[in-house]
Amino acid sequence: MMRWQNKRAFFTFATVPLLGMVGLAAASPASAQARRVAQPPARIVTGPVRTLPQVLLDRHNLERRAAGVPPLAWDPRLAASAQAYAVTIARTGQLVHSPRQSRPGVAENLWVGSAGAFAPDAGVASWAAERADYFDGVFPAVSRTGNWLDVSHYTQMIWRTTTHVGCGLVRSGRWEALVCHYSPKGNRDGQRPR
């Protein structure tokens, strides 16, 4: 395992060995040339490189812009608490919310997927897909299905009075766990999400 840490978040990910490099120096020039030719050309990436926090924040703010609400700001403290709980989910294998008393005034969205099978923002995209069942009403009467839980991740993402988000993503064995914390929390009875 390789660990990477910066001031915003802590990520754990599996490393992949560089295959085909052992014995390359001992190979004949012709076989080395054949290996080089067989390799696909390198892809040139242009534009700024985005960090995982920026990718997750951008995906949230894309949904908020479409809903006509102000953008969120990234909060490192929320990201640290989300990361700590993502580690707990990965360790226990239980997709359950953290105790509310451990995060007063903070809402939480959770997602789990197969390790390595999804883009880093797939969890946020799955929450955003709940928009298909959402209608603009007074919470909890905001779902076309009649069950507010069917849209609760989405409504938290677009809740007008929520101003900050922080997320943590952990890969452990077969699973990836994404946790996002929001402040101030939304999904309040008797209020409109946007």
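Now for a description of the structure that goes with this document. The numbers attached to residues start from 1 for each chain and follow its sequence in the written order. Side-chain atom pairs in this predicted model are given and counted only at pLDDT of 80 or more, local residue features only at pLDDT of at least 70, and totals for whole chains, interfaces and linings cover all residues. Calculated side-chain values reflect all of the structure's heavy atoms, with hydrogen atoms and water omitted.

1. Thoughts on helix α3 (residues 76–92)
The end-to-end C-alpha distance of α3 is 24 Å, a good match for the 24 Å that 17 residues give at a rise of 1.5 Å each. Buried, partly exposed and exposed residues are distinguished by accessible area as a fraction of the type maximum, computed with a 1.4 Å probe on protein chains only: under 20%, between the cut-offs, and over 50%, respectively. Secondary structure is summarised from DSSP: a helix means a run of H or I of at least four residues, a strand means a run of E of at least two, and numbering begins at the N terminus for each. Three or more residues of α3 are buried, namely Leu 78, Ala 79, Ala 82, Gln 83, Tyr 85, Ala 86, Ile 89 and Ala 90. As used in this structure description, the phrase polar contact means that two N or O atoms lie within 3.5 Å; if the pair is within protein, one of them must be able to donate a hydrogen and the other to accept it, and residues adjacent in sequence are counted only when both atoms belong to side chains. The residue sitting at the N-terminus of α3 and contributing the capping side-chain oxygen is Asp 75; that oxygen lies 2.8 Å from the backbone nitrogen of Arg 77. Count one or two residues on from α3 and you reach Gly 93, which has phi positive near 75°. Multiplying 1.5 Å by the helix residue count minus one yields the expected span of that helix.

2. Thoughts on the environment of Ala 90
Summarising the element assignment, Ala 90 is placed in helix α3. The exposure class assigned to Ala 90 is buried, which follows from its relative accessible area of 19%. Along the chain, Ala 90 and Val 170 lie 80 residues apart, while their C-alpha atoms are 6.8 Å from each other. Pairs of residues are marked as contacts when any of their non-hydrogen atoms sit within 4.5 Å. Apart from residues no more than four positions distant in its own chain, Ala 90 is found in contact with Val 170, Ser 172 and Ala 177.

3. Describing helix α2 (residues 52–67)
In this model, α2 (16 residues) spans 23 Å end to end at C-alpha, consistent with the 22 Å of a helix rising 1.5 Å per residue. Of the positions making up α2, those classed as buried are Leu 52, Pro 53, Val 55, Leu 56, Leu 57, Arg 59, His 60, Asn 61, Glu 63, Arg 64 and Ala 67. Trailing α2 by a residue or two, Gly 68 shows a phi angle of about 80°, which is positive.

4. Concerning unusual backbone geometry
Omega for the bond connecting Phe 139 with Pro 140 falls within 30 degrees of zero, at 10°, which places this linkage in the cis form. Mapped onto the secondary structure, Pro 140 falls in the loop between α4 (122–128) and α5 (152–158). At the junction of Ser 183 and Pro 184, the peptide bond is cis and its omega measures out at -20° in the coordinates. Among the structural elements, Pro 184 can be located in the segment after β6 (175–183). Despite not being glycine, Asn 187 has its phi angle at roughly 55°, a positive value. Looking at the secondary structure, you find Asn 187 in the segment after β6.

All quantities given are derived from atomic positions and should not be read as evidence of function.
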